[in-house]
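# Observations on chain architecture
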Protein chains: 2
Amino acid sequence: MQRYFCKEKINNQIILYPDDYHHIKNVMRMNIGDLIEVVYNKKVYKCEIKNFDCIEIIEEIKSYDEDIEINLVIPLLKEQKMDFVLQKATELGVSKIIPFYATRSIVSNIKEKEDKKIVRWSRICKEASEQSKRNTIPVITNIKRLNELNIDGVKLVCSTCEKSENLKMFLQSQHKYDKITIVVGPEGGLTMEEELKLNEMGFKSITLGNRIMRVETVPIFILSILNYISME
Amino acid sequence: MQRYFCKEKINNQIILYPDDYHHIKNVMRMNIGDLIEVVYNKKVYKCEIKNFDCIEIIEEIKSYDEDIEINLVIPLLKEQKMDFVLQKATELGVSKIIPFYATRSIVSNIKEKEDKKIVRWSRICKEASEQSKRNTIPVITNIKRLNELNIDGVKLVCSTCEKSENLKMFLQSQHKYDKITIVVGPEGGLTMEEELKLNEMGFKSITLGNRIMRVETVPIFILSILNYISME
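Fair warning: this is a prediction, and the values are worked out from it, not measured in the lab.

With 35 residues of chain B in contact, the opposing surface of chain A contributes 35 residues. For the chain B face of the interface with chain A, the top three residues by lost area are R211, Y228 and M231 of chain B, together amounting to 23%. In this assembly, chain B and chain A are joined by four salt bridges. Residues E91 of chain A and R214 of chain B are paired through a salt bridge, measuring 3.7 Å at the closest nitrogen-oxygen approach. Summed over the shared surface of chain B and chain A, the result is 18 residue pairs in polar contact (both at pLDDT 80 or more). Sorting the residues of the side of chain B that touches chain A by element identifies helix 2 (79-91), helix 4 (167-172) and helix 6 (217-230) of chain B as the ones contributing at least two each. At eight residues, helix 6 of chain B tops the list of elements feeding residues into the side of chain B that touches chain A. Residues belonging to the side of chain B that touches chain A are distributed by class as follows: 15 nonpolar, eleven polar and nine charged.

This is the structure we're talking about:
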């Protein structure tokens, strides 16, 4: 059943976003009487299309919740790679994406376009959340500088300098945690200065092993592993 | 240092593929005297460009070898997704990619174009191997039907039916292995018939957990986990 995140719920009536009415009617070519899943406030409802202005809740559906909060801090990437990371990270359960200005990032100041970008990125995450049947949409923050990261919980930075402590050693040494934040560097890596600053802020430097991965592969790599660890 | 897989090695002289001479000269704009890394027969050599017809070995470089043989059996995907899987799987250490005709695959008979496709796919794997500094290039076999898979070692199929045994339980129950083969289904999954046939052939059905992933995400997910497990 197709899933949509909705704008509002008034009693047992659902108000969707304008784009989604269009999607239901013209892309999915659904009809009166067809059923959809609607998410509101982390709850999932089976709903019936009474007419294209009126979507009615039939019942609540049991749904699966994220166990831990996973935050990804990623450099600005070229559009296609950024879109890729947002889509895949959403599929794999990321909670929050914090884009940051990295010294060596190819994409630098986009201050003027920031609001537009965030709207675009959020739309990609909403669509990927619907596709992968999540009941939350990852939050995308505004673009930060590293010293603006004010985060608690377990904190990691993917280092190109650190050679001894790897991700596995680190994760195995942790007690149960409910929040983890990972900083990924740009192509060419973080500068020594950036990494030291992060270490001072409590981010532990770890290596991902001997592989040389493209920047956009790293978030997917880490999220896959975090999913594996939480398998029971 | 830029890495290239070479065509031939005669004494201490290296013969590159025609495309790579072009890449060195016109894309990388290298000059006489510049150094490159060249891989021949799983060995890596530091080489000097003496002139554009003559590349000379200076010394062998110590290089990192793949621990286990990982084979991926994947359905035919649309071009962009296929390219994505080939590139990312190469980065993450796949040994062999076996495309197969799945009942529910969107892309079906490409028999006439098969040879051309395999040349194209192999080029993507070669480039990704160079980029990620591997010293082997994944092998791409011709397109198989499921009953043509004749493989030993540990064998898995990513199931959409199996609910109890997950990837983690399975991998933790295994003794050390040096070869693992994973079958990934197309969008919509394998048919019950296909899965049963694979089970008969010794492939164990496992679930990847509760997440709903796009087909192209699955190989990356599994390869990331296999890398994690082999971290020491």
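A few words on the domain arrangement of chain A. Residue and element names in this part refer to chain A. Per the domain assignment, the segments of chain A are domain 1 (3-61) and domain 2 (69-230). Between domain 1 and domain 2, the C-alpha centre-to-centre distance is 32 Å. Taken together, the contacts link nine residues of domain 1 with eight residues of domain 2. Carbon and sulfur atoms supply 58% of the area that domain 1 and domain 2 bury against each other, a total of about 770 Å² over both sides. Scanning the region where domain 1 abuts domain 2 turns up two salt bridges. A salt bridge links D20 to K126, with the shortest nitrogen-to-oxygen separation between them at 2.7 Å. Counting every contact that joins domain 1 to domain 2 gives six residue pairs in polar contact (both at pLDDT 80 or more).

Quick look at the relation of the copies chain B and chain A now. Placing chain B over chain A gives an RMSD of 0.0 Å and needs a rotation angle of 180 degrees, together with 0.0 Å of translation along the axis. With respect to symmetry, the two chain copies, as superposed, fit the operation of a two-fold axis. No C-alpha of chain B lies nearer the rotation axis than that of I225 of chain B, which sits 2.7 Å from it. A shared binding surface is used by both copies, with 100% of the interface residues of chain B retained as interface residues in chain A.

To continue, consider the pattern of salt bridges. Inspection of the entire model under this criterion finds 28 salt bridges over all chains. K133 of chain A is the partner of E37 of chain A in a salt bridge, and the nearest nitrogen-oxygen pair spans 3.5 Å. Taken together, the positions of E37 of chain A in strand 4 (residues 35-40) and K133 of chain A in the loop between helix 3 (114-131) and strand 9 (139-140) put the pair 96 residues apart, joining distant regions of the chain. On the accessibility criterion, K133 of chain A (27% relative accessible area) is partly exposed. Close ionic contact of E48 of chain A with K50 of chain A constitutes a salt bridge, the shortest N to O distance being 3.8 Å. Under the relative-accessibility criterion, E48 of chain A is labelled partly exposed at 22%. Within this structure, K81, R214 and E216 of chain A together with K88 and E91 of chain B form a network of salt bridges that share partners.

With that settled, the discussion passes to the pairing of strand 4 (residues 35-40) of chain B. Residues and elements named next belong to chain B. In the sheet, strand 1 (residues 3-5) pairs with strand 4 via three bridges, with the strands oriented parallel. The residue of strand 4 that forms the bridge with R3 is E37. Sheet analysis places strand 4 next to strand 5 (residues 43-51), joined by six bridges and oriented antiparallel. From the neighbouring strand, Y40 faces strand 5, where its bridge partner is K43. Between strand 4 and the antiparallel strand that follows it, strand 5, lie two residues; N41 among them carries a positive phi value of about 55 degrees.

The rules behind the values
Residues numbered from 1 in each chain as written. Chains lettered and ligands numbered in written order. Predicted model: local features only at pLDDT ≥ 70, side-chain atom pairs only at ≥ 80, totals over all residues. Heavy atoms only, no water. Contact = heavy atoms within 4.5 Å. Buried area = accessible area lost by both parts, 1.4 Å probe. Salt bridge = Lys/Arg side-chain N within 4 Å of Asp/Glu carboxyl O. Polar contact = N/O pair within 3.5 Å; in protein donor to acceptor, adjacent residues only side chain to side chain. Helix = DSSP H or I, 4+ residues; strand = E, 2+ residues; numbered from the N terminus. Nonpolar A, V, L, I, M, F, W, Y, C, P; charged D, E, K, R; others polar. Domains from an automatic or database assignment. Least-squares fit on C-alpha atoms with pLDDT ≥ 70 in both. Buried < 20%, exposed > 50% of the residue type's maximum accessible area, 1.4 Å probe, protein only. Pairing = 2+ DSSP bridges.

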